[in-house]
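# Secondary and tertiary structure notes
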Amino acid sequence: QVQLVESGGGLVQAGGSLRLSCAASGSIFSIGAMAWYRQAPGKQRELVAAISNSRRPNYADSVKGRFTISRDNAKNTVYLQMNSLKPEDTAVYYCNADLKIGRWSASEDYWGQGTQVAISS
């Protein structure tokens with residue numbers, strides 16, 4: 001059984017900062033790319049940032065220069081440091097990991113349960 005557990009969401013004022021964490025646990029053989037997605041009310045889920053297992057990051061244009069994704073491979077954890085937050089960043093943020101549960105198993109996508117981020121103007 002694999003679990004991805006997010007933490008760090010909350011309510012902050014515009015211009016503030018939050019740091020999200022997502023820890024993967026359970027029967028994990030290896031983890032490839034990890035990512036953060038978000039879904040605002042009435043909108044589709046969108047990619048915010050991704051990071052390869054060699055720590056190469058990728059960002060959505062809307063968060064470049066404000067958000068930083070990082071990971072600790074020893075802890076199977078991915079982080080999202082969010083600075084200069086805007087009301088339009090309000091959404092449920094989901095952690096995603098592409099991982100294998102065994103040496104010969106195929107990579108599969110796993111998702112966290114989501115954490116709410118709300119930015120007040």
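Keep in mind it's a predicted model, so treat the numbers as computed, not measured.

Next up on the list: the pairing of strand S4 (residues 30-39). In terms of strand pairing, S4 meets strand S9 (residues 91-100) through 8 bridges, oriented antiparallel. From the neighbouring strand, Ser30 faces S9, where its bridge partner is Lys100. Pairing between S4 and strand S5 (residues 46-51): 5 bridges, direction antiparallel. Bridge assignment links Tyr37 to a residue of S5, and that residue is Leu47.

Turning to the nonpolar core, a few remarks are in order. With 30 residues, the main nonpolar core has Leu4, Trp36, Leu80, Met82 and Tyr93 as its most contacted residues. Per-element accounting of this core gives the leading share, 5 residues, to S9. Other than its neighbours up to four places away in sequence, Met82 contacts Gly16, Ser17, Leu18, Leu20, Arg66, Phe67, Tyr93 and Val117.

Time to look at unusual backbone geometry. The backbone of Arg55 shows a phi angle near 70°, a positive value even though the residue is not glycine. For Arg55, the position within the fold is in the loop between S5 and strand S6 (57-59). Its relative accessible area of 46% is what places Arg55 among the partly exposed residues. Of note, the phi angle at Ser84 is positive, near 50°, even though the residue is not glycine. Tracing the sequence through the fold places Ser84 in the loop between strand S8 (77-82) and S9.

About the thresholds
- Residues numbered from 1 in each chain as written.
- Predicted model: local features only at pLDDT ≥ 70, side-chain atom pairs only at ≥ 80, totals over all residues.
- Heavy atoms only, no water.
- Pairing = 2+ DSSP bridges.
- Helix = DSSP H or I, 4+ residues; strand = E, 2+ residues; numbered from the N terminus.
- Core = buried A, V, L, I, M, F, W, Y, C linked by side-chain atoms within 4.5 Å.
- Buried < 20%, exposed > 50% of the residue type's maximum accessible area, 1.4 Å probe, protein only.
- Contact = heavy atoms within 4.5 Å.

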